[in-house]
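Breakdown of the fold
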Amino acid sequence: MQKASEMKVENLDHLGLIAGLIDEIGIVQKINELIGEQPGEIVSPGLVVKAMIINGLGMVSAPLYLFSKFFEGKAIEHLLGSGIQASHLNDDRLGRVLDKLYLAGITEIFTTIALEAAQKFEINTDTSHLDSSSFHLHGKYEQELPSVSFSSTEMDGNQSDNSSINHQTSPIPIQITYGYSRDHRPDLKQFILDLICSGDGDVPLFLRVASGNESDNSIFASICQDFKKQLNLDSLMVADSALYTAPNLEMLTNLRWLTRVPLSLKQAQQLVSQLNESEFHESSVTGYRWSEHKSNYGGIEQRWLVVESSLRRDADQRKLSKNLKKAEVESQKKLRELSNIEFACDADASAAANRLSKQLKYHNLTQISSRQTTAKPTTNSTISHDKSSSNLRFKVEAKLELDASEIARITKASGRFILATNVLDVSQLSPDEMIVKYKEQQAAERGFGFLKDPLFFTDSVFLKSPERIEALTLVMGLCLLVYTLGQRLLRQNLQLTNKTVKNQLGKGTNRPTLRWIFQIFQSIHAVYIQGIQQVSNLTSERLAILNLFPVTCRSYYFLL
């Protein structure tokens, strides 16, 4: 048995895979190039960002205020470089790097790194997907904030040369405020994250942070323009119905787009409810039919594709049946309440009944009439038994019936939605391709699902400065970039080599999630015995998986 002083064991687990992917993308070098290094720094800004990504993808609940704790017991020098200790990654050092990232522009930094990665990994950018989501926060987040500054000389994160502080003009920070909450937490302030991902592997290509009260409808077109300008890609932009407004379409004349038409438009409502079954064509996409039409909405020539989904049709009809039962109960209650009201004349009673009938969504009032009644005496009034007109009152009598025409219209429109595109040449974008590409809109949604996972450090955003929150979203985006590129590379190599990996049920799959691979790599240790480095618990399964990753990943497990 070796003496304790001659032997050291540190956790490595899946962190070598993350570190290797970061190296393969070149994030450390690019960060240092974009925001600069200072003489004497033990941990460069690029290495701080690398450490934050490793922390973010550590798959444990480890927020940044416990950042140095995360690396205790882990092979930090092996992952980040000789001489680097957990104590060097204190909150002061992290905060100053976040300040520098903010000042350099988070969208510009992310776009630069993502574009180079997309080119290196040969990501297909023919289709891009735009979406946004909200992230809620706890705290007041007052808007009067101190200016962001940082020292020009940072030795180790604990000491700085205060005699040479460079104050740099900050961009205008976002507002942490109330707005429409996708998290269903309207009681909390929030910020908005806009994300554009590729249809190939869900890889994020563009990231932008906005104030919590920003509207998708007012900004989506500008985001598309910025995306095209910064990345210079002739990509088909796919987005949800928030993009489809007349002002937005006017701004997108130099872009190819595919989006959903909101059914709040009268023209769209009429189209989906008037089309007959015979006007639809079977799609090569199972469970879908389509009918193509021309439109000039907003003065832009475009194609409208009315799509009918069999699954959605069944779901819509079940929902309609449920709504009809609920509406009948509510309508009967309103009719009873109306029937107890006394009106001065028959005309007033009929007018009130007609008003109620128009308010009902699924029903109509029929056989409307009124019956005469004697006015009820008020307190201290003398009761008169005569039938004079001054004592007569009228009460509504009517029957409640289903609005057959409205039910037929809704039933006919069930399961239908409209896709629109300005790609007029069917040979460039066929109806079936429109359906497939719109279904891939889940690329951005999956990205938000990943970022909001409880194991990710953004589950509870705790930073007290909007500037640093913006900078943290850059790290969030880089975590997503590393994860999606790694997962895409793994699946691609499994398919090329015709191999599989056992899933949670022990069955072979060539499309495993990278998170599952991270779990497989738990309990791997870096062992140092008398200066000799080894890795323990590298089973045949883990070795086979490592061979599917770049040499930059294998090197962290001493496999060259």
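Residues numbered from 1 in each chain as written. Predicted model: local features only at pLDDT ≥ 70, side-chain atom pairs only at ≥ 80, totals over all residues. Heavy atoms only, no water.

1. A few points about the packing of aromatic side chains
Under the defined criterion, the tally for this structure stands at seven aromatic pairs. Taking the centre distance of 5.0 Å and the plane angle of 90 degrees together, the rings of F70 and F71 count as edge-to-face. Note on F71: relative accessible area 2%, which makes it buried. Taken together, the ring pairs in this structure connect Y244, W257, Y297 and W304 into an aromatic cluster. Between K8 and the ring centre of Y528, over which it is positioned, the NZ or CZ distance is 5.0 Å. Between K74 and the ring centre of F70, over which it is positioned, the NZ or CZ distance is 4.4 Å. (Phe/Tyr/Trp six-rings, centres within 6.5 Å; stacked < 30°, edge-to-face > 60°. Buried < 20%, exposed > 50% of the residue type's maximum accessible area, 1.4 Å probe, protein only. Lys NZ or Arg CZ within 6 Å of the ring centre and 35° of its normal.)

2. Regarding unusual backbone geometry
For N498, which is not glycine, the phi torsion reads 55 degrees and is therefore positive. N498 gets classed as exposed once you look at its relative accessible area, which sits at 72%. Positioned with a positive phi, F558 is a non-glycine residue whose angle comes to about 60 degrees.

3. Focus: the nonpolar core
Formed by 127 residues in total, the largest nonpolar core has its most connected members in I27, I53, I54 and L101. In this structure, L101 is in contact with I31, I35, V49, I106, I109, A471 and L474, ignoring residues within four places of it in sequence. The next biggest cluster of nonpolar side chains, apart from the first, holds 15 residues, and it includes Y288, W290, M434 and Y438. (Core = buried A, V, L, I, M, F, W, Y, C linked by side-chain atoms within 4.5 Å. Contact = heavy atoms within 4.5 Å.)

4. Topic: the packing of helix α10 (residues 266-274) against helix α13 (residues 404-413)
Relative to each other, α10 and α13 sit at 85 degrees, their axes nearing to 7 Å. Compared by their axis directions, α10 and α13 come out roughly perpendicular. Contact residues: V272, S273 and Q274 in α10; R409, K412 and A413 in α13. In terms of residue class, the contact of α10 with α13 is made up of two nonpolar, two polar and two charged. (Axes fitted to C-alpha atoms, helices over the stretch in contact; angles between N-to-C directions. Helix = DSSP H or I, 4+ residues; strand = E, 2+ residues; numbered from the N terminus. Parallel < 35°, antiparallel > 145°, perpendicular 65-115°, else oblique. Nonpolar A, V, L, I, M, F, W, Y, C, P; charged D, E, K, R; others polar.)

5. A look at helix α8 (residues 216-231)
With 16 residues, α8 ought to run about 22 Å at 1.5 Å a step, and its terminal C-alpha atoms sit 21 Å apart, in line with that. Along α8, the residues that are buried comprise D216, I219, F220, A221, I223, C224, F227 and L231. Buried residues along α8 sit in contact with α7 (106-120), β2 (127-137), β5 (189-198), β6 (204-211), β7 (236-239) and α9 (246-251). (Expected span 1.5 Å × (residues − 1).)

6. Comments concerning the sheet that holds β2
The mixed open sheet is built from nine strands, whose spatial order is β6-β5-β2-β7-β8-β14-β11-β10-β9. Edge positions in the sheet fall to β6 and β9 (281-282), since each has one partner strand and no second. The pairing of strand β8 (residues 256-261) with strand β14 (residues 416-421) spans four bridges and is classified as antiparallel. Bridging across to β14, L258 finds its partner in T421. Along the sheet, α10 contacts β8, β10 (288-295), β11 (302-309) and β14; its crossing angle with β11, the most-contacted strand, is approximately 50 degrees. (Pairing = 2+ DSSP bridges.)

7. Observations concerning the pattern of salt bridges
Overall, the coordinates contain 23 salt bridges when judged by the stated rule. Linking R488 and D200 is a salt bridge whose minimum nitrogen-to-oxygen distance equals 3.0 Å. With a gap of 288 residues between them, R488 in helix α16 (residues 466-496) and D200 in the loop between β5 and β6 connect regions that are remote in the sequence. Taking the relative accessible area as the measure of exposure, R488 reaches 12% and is therefore buried. Of the charged contacts in the structure, one is a salt bridge between E308 and R416, with a shortest N-O distance of 2.9 Å. (Salt bridge = Lys/Arg side-chain N within 4 Å of Asp/Glu carboxyl O.)

8. Observations regarding the pairing of β5
Burial runs high along β5: ten of the ten residues are buried. Here β5 shows a buried face lined by K189, F191, L193, L195 and C197 and a second buried face lined by Q190, I192, D194, I196 and S198. Direction of pairing for β5 relative to β6: antiparallel, over a ladder of seven bridges. Bridged to L195 within β6 is L207.

9. Here we look at the confidence of the model for the protein
Considering every residue of the protein, the mean pLDDT works out to 85; 87% of them sit at 70 or more. Taken element by element, the predicted model of the protein shows its lowest mean pLDDT in strand β4 (residues 165-167) (39) and its highest in helix α1 (residues 15-25) (97). Within the model, the stretch residues 144-168 combines pLDDT values under 50 with 54 contacts to residues more than four positions away or in other chains. When the criterion is pLDDT under 50, residues 381-385 qualifies, and its contacts beyond four places in sequence or with other chains add up to two contacts. (pLDDT = per-residue confidence, 0-100.)

10. Describing the side chain of H129
Topologically, H129 is positioned in strand β2. Of note is the side chain of H129, whose polar atom sits 3.0 Å from the side chain of Q441. Apart from the residues within four sequence positions on either side, H129 is in contact with L195, I196, C197, S198, G199, V238, K437, E440, Q441, A443 and A444. (Polar contact = N/O pair within 3.5 Å; in protein donor to acceptor, adjacent residues only side chain to side chain.)

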